[in-house]
Amino acid sequence: MNAGHAILAVALAIAALTFWLAYEPTPEATDEGSSSTRPAADVITRDTWLTTMTTEGLPDRTLRAAEGEYFDKRQGTELVMPHLTIYRADGAPWEIRAERGWTIRGGDIITLEGSVVIERESATGGPPTRFTTNRLRVHPKRDFAETNDRVAMTNANGRIDAVGMRAWLGTPAKVKL
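Residues numbered from 1 in each chain as written. Predicted model: local features only at pLDDT ≥ 70, side-chain atom pairs only at ≥ 80, totals over all residues. Heavy atoms only, no water.

1. Details of the layout of surface pockets
It is the rolling of a water-molecule-sized probe over the atoms that shows where space remains empty.
Thought 1: What the largest pocket holds in volume is close to 450 Å³.
Thought 2: Taken together, 24 residues form the lining of the largest pocket, with Leu50, Leu63, Thr103, Gly106 and Gly107 sitting closest to its centre.
Thought 3: Among the elements of the structure, strand E1 (43-53), strand E2 (59-71) and strand E3 (76-80) are those that each provide at least two residues to the lining of the largest pocket.
Thought 4: Take the lining of the largest pocket: its biggest share by element is 6 residues, from E2.
Thought 5: Tallied by class, residues from the lining of the largest pocket come to 9 nonpolar, 11 polar and 4 charged. (1 Å grid on protein atoms, 1.4 Å probe; cavity = no way out; pocket = protein on both sides within 12 Å on 5 of 7 lines; lining within 4 Å. Points joined across faces, edges and corners; volume = space filled by probe spheres on them. Helix = DSSP H or I, 4+ residues; strand = E, 2+ residues; numbered from the N terminus. Nonpolar A, V, L, I, M, F, W, Y, C, P; charged D, E, K, R; others polar.)

2. What about the pattern of salt bridges?
Thought 1: All chains considered together, the criterion is met by 12 salt bridges.
Thought 2: Note that Arg100 is salt-bridged to Glu99, the shortest N-O span being 3.3 Å.
Thought 3: Look at Arg100 and you get partly exposed, because its relative accessible area is 40%.
Thought 4: Under the relative-accessibility criterion, Glu99 is labelled partly exposed at 36%.
Thought 5: A salt bridge links Glu113 to Arg135, with the shortest nitrogen-to-oxygen separation between them at 1.9 Å. Taken together, the positions of Glu113 in strand E7 (residues 109-120) and Arg135 in strand E8 (residues 129-139) put the pair 22 residues apart, joining distant regions of the chain.
Thought 6: Among the ionic contacts, a cluster of salt bridges with common partners joins Glu99, Arg100, Glu113 and Arg135. (Salt bridge = Lys/Arg side-chain N within 4 Å of Asp/Glu carboxyl O. Buried < 20%, exposed > 50% of the residue type's maximum accessible area, 1.4 Å probe, protein only.)

3. Describing the nonpolar core
Thought 1: Ile96, Leu112, Leu136 and Val138 are the most contacted members of the largest nonpolar core, which has 22 residues in total.
Thought 2: Secondary structure elements with two or more residues in this core: E2, strand E4 (83-88), strand E5 (91-97), E7, E8, strand E9 (144-155) and strand E10 (158-168).
Thought 3: Looking at which element gives the most residues to this core, the answer is E7, with 4 residues.
Thought 4: Setting aside residues up to four positions removed in sequence, Ile96 forms contacts with Pro82, His83, Leu84, Ile86, Leu112, Val116, Val117, Ile118, Leu136, Val138 and Leu169. (Core = buried A, V, L, I, M, F, W, Y, C linked by side-chain atoms within 4.5 Å. Contact = heavy atoms within 4.5 Å.)

4. Section: the packing of aromatic side chains
Thought 1: In total, this model carries 3 aromatic pairs according to the counting rule given.
Thought 2: Seen in terms of ring centroids, Phe144 and Trp168 are 5.3 Å apart; in terms of plane orientation they differ by 55°. Their pairing is tilted. Placement of Phe144 in strand E9 and of Trp168 in strand E10 is noted, with a sequence separation of 24 residues between them.
Thought 3: Residue classification places Phe144 among the buried positions, given a relative accessible area of 8%.
Thought 4: Above the ring of Trp168, the side-chain terminus of Lys174 is found at 4.7 Å from the ring centroid. (Phe/Tyr/Trp six-rings, centres within 6.5 Å; stacked < 30°, edge-to-face > 60°. Lys NZ or Arg CZ within 6 Å of the ring centre and 35° of its normal.)

5. Brief notes about the pairing of E4
Thought 1: For E4, the tally of buried residues reaches 5 of 6 residues, placing the bulk of the element in the interior.
Thought 2: Pairing analysis gives 4 bridges linking E2 to E4, with the strands arranged antiparallel. When the bridges of E4 are listed, Leu63 appears paired with Leu84.
Thought 3: Pairing geometry for E4 and E5, over 5 bridges, is antiparallel. Bridge pairing in E5 links His83 to Arg97.
Thought 4: Linking two consecutive strands that pair antiparallel, namely E4 and E5, is a turn of 2 residues. (Pairing = 2+ DSSP bridges.)

Set out below in structure tokens:
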């Protein structure tokens, strides 16, 4: 082999090695697709709900979801179309809906995202009190919800737009915008 052939062989080897190191297959080129970066759920549920009761045997809160995926390693559940109802002894319950959500610590904290709506019917039969935001963190056992995002509140008196909200959903209910 002459020197020209040796240089050409080394150059081809370097080019092949460079291509091999730089090549990243597209999801379509692998059997795993885009789910290769997402861990598999330990439990998957569909059209499920969970109701916790008071010591008197009355409903305290209900969490429903079109789909839930529990991940043991993360100690949490991803929710699709979650709907949380927080019942009140003094009147209508709080209804909280979103496009998706995440629960941790057995539901002690629920993070909701995407078109979040918090609503409670009026005691007088008028329009409900309604809050809309894009992200909300709910502490169901404390009857507390909060966001640092934009929020709009509408009720019989009109509309208020704000950034950030703290809501105490117990009796009496109190909201700080």
